[in-house]
Amino acid sequence: MSSLPELVCPAGSLPSLKAAVDNGADCVYFGLKNETNARNFAGLNFDARSAAEGIRYARERKVKTLLAINTFAQDGQVARWQRAVDEAAALGVDAVILADFGLLDYASRRHPDLRLHLSVQGSASNYEAVNLARDLFGVQRAVLPRVLTLAQVEQVIRHTPVEIEVFGFGSLCVMVEGRCHLSSYATGESPNSHGVCSPARFVRWEQHGQGMDARLNGILIDRFAASEPSGYPTLCKGRFEVEGHAGYALEEPGSLNVLSLLPDLLRIGVAAIKVEGRQRSPAYVAQVTRVLRQALDQAAQGAYRPDSAALAALGKLSEGQQVTLGAYNRPWK
């Protein structure tokens, strides 16, 4: 069995960062309060003061901090993204998560001692891409998109010295991250540049006699009955009428949950398991971190089976109250 993967947990706020640290995270990742951050939501994220406080809190408890600068620099505004890299170096984070190759080049030359991670938004879905980022910029870890099977993840790990990080829990993306154009089509704002699949200013909820409609820039994404829980409207998880049949055309709402795959992830040598959810509450972060910490510690003992209570706890926190192994498990192949 390989060494235990690091548990990498989300921090959309200082309380969430502390919740992750206190409940067993090995690393926390966070972003700044600007467009360099792919989760640039109002009321979330870190300014210089809160970032310094979070880093201090984590470091005192021997937890690593990773700063996500994971959108793509815009033409004529590159200096803004470069300043974010400089700020990360000045803050003393343990690593910066970058997607833009231009920023990776800048970071590797300007801050040669700064550890670099390739963001999932960098779309490295094979070992050639991962090794290119290592050869050009000295990238030490890459986060893989959520579209690879377990066998494909193992293939990447076998052919690169770069540490490989995979998603273990949270909202599931059906696309290769960094290559999705659905939001651009509907709103004119790319998630790779603006950091969210459905920008809040384009979202509308419309009450009617039978329930509620959810629209994105005027496009009807879903129609919920009065007693039906309503999800956030994203195009890939909307219900549409196709050839006379109404339903989820691309993907049903659900969350990735790898509890049952932990022994396999340890066996193939995954370096880190990541929890999605910087937009989630501190309570969510605390519970998911706690459950996965316990599971990883049990797996390290070599006699792990997913606990029904743990599965139930994560199931309650899952999108649409459904969990899936996503692309990791494709028995039809």
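Structure first, text after, so check above.
What this report covers is the structure whose coordinates are included nearby. Being a predicted model, the structure only gives us computed values, none of them experimental.

What follows covers the side chain of R215. Checked against the element boundaries, R215 lands in strand 9 (residues 211-216). Apart from residues no more than four positions distant in its own chain, R215 is found in contact with F202, V203, R204, E206, L220, I221 and P233.

Right, let's talk about the pairing of strand 12 (residues 245-248) for a bit. Pairing geometry for strand 11 (residues 239-242) and strand 12, over 4 bridges, is antiparallel. Each residue of the ladder has a partner; that of R239, found in strand 12, is Y248. The hairpin turn running from strand 11 into strand 12, its antiparallel successor, is 2 residues long, and E243 in that turn takes a positive phi close to 50°.

What follows deals with the packing of helix 3 (residues 78-91) against helix 4 (residues 101-110). Remark: helix 3 packs on helix 4, axes separated minimally by 10 Å, with the N-to-C direction vectors making an angle of 40°. By the criterion of interaxial angle, the relationship of helix 3 to helix 4 is oblique. Between helix 3 and helix 4 lies a crossing whose hand is right-handed. Residue-level inspection shows W81, Q82, V85 and D86 of helix 3 in contact with helix 4, the latter providing L103, Y106, A107 and R110. Class assignment of the residues belonging to the contact of helix 3 with helix 4 gives a composition of 5 nonpolar, 1 polar and 2 charged.

Now for the sheet that holds strand 10 (residues 219-225). Ordered in space as 8-9-10, the 3 strands form an open sheet in which the pairing is antiparallel. Here the strands that pair on one side only, and so sit at the sheet edges, are strand 8 (203-208) and strand 10. Put simply, the sheet's adjacent strands are angled 20° from each other on average, direction ignored. Pairing of strand 9 with strand 10 involves 6 bridges; the strand directions are antiparallel. Among the inter-strand pairings, L216 is bridged to a residue of strand 10, identified as I219.

Time to look at helix 5 (residues 127-137). Of all the residues in helix 5, the buried ones are V130, N131, A133 and F137. Axial view of helix 5: buried residues confined to an arc of 160°, hence all on one face. Tucked inside the fold, the buried residues of helix 5 contact helix 4, strand 5 (116-118), strand 6 (141-143), helix 6 (150-158) and strand 7 (163-171). Among the residues of helix 5, the N-terminal cap falls to N126, whose side-chain oxygen and the backbone nitrogen of E128 are separated by 3.2 Å. Trailing helix 5 by a residue or two, G138 shows a phi angle of about 75°, which is positive.

Here is what the cut-offs are and how they apply
Per chain, residues are indexed from 1 in the order of the written sequence. pLDDT decides what is reported in this predicted model: residues at 70 or higher carry local features, side-chain atom pairs at 80 or more are listed and counted, and totals for whole chains, interfaces and linings draw on all residues regardless. The side-chain numbers reported here are obtained from all heavy atoms of the structure, hydrogens and water having been left aside. Numbering of helices and strands starts at the N terminus; helices are DSSP runs of H or I of at least 4 residues and strands are runs of E of at least 2. We call two residues contacting when some pair of their heavy atoms lies within 4.5 Å. Note on pairing: DSSP must find at least two bridges between two strands before they are called paired. Here an axis means a line fitted to C-alpha atoms, over the contact stretch when the element is a helix, while the angle between two N-to-C directions is reported on a 0 to 180 degree scale. Here the word oblique covers every angle except those under 35 degrees (roughly parallel), over 145 (roughly antiparallel) and from 65 to 115 (roughly perpendicular). It is the rotation of the near helix from the far one that decides the hand of a crossing: anticlockwise by less than a right angle makes it left-handed, clockwise makes it right-handed. Gly counts as polar in this scheme, as do all residues outside two lists: the nonpolar Ala, Val, Leu, Ile, Met, Phe, Trp, Tyr, Cys and Pro, and the charged Asp, Glu, Lys and Arg. Any residue under 20% of the maximum accessible area for its type is buried, any over 50% is exposed, and the rest in between are partly exposed; the area is computed with a 1.4 Å probe on protein chains only. Here the arc refers to the set of directions running from the helix axis out to each C-beta atom. Throughout this description, a polar contact denotes any pair of N or O atoms lying within 3.5 Å of each other; where both atoms belong to protein, one of them has to be capable of donating a hydrogen while the other can accept it, and for residues adjacent in sequence the pair is counted only when both atoms sit in side chains.

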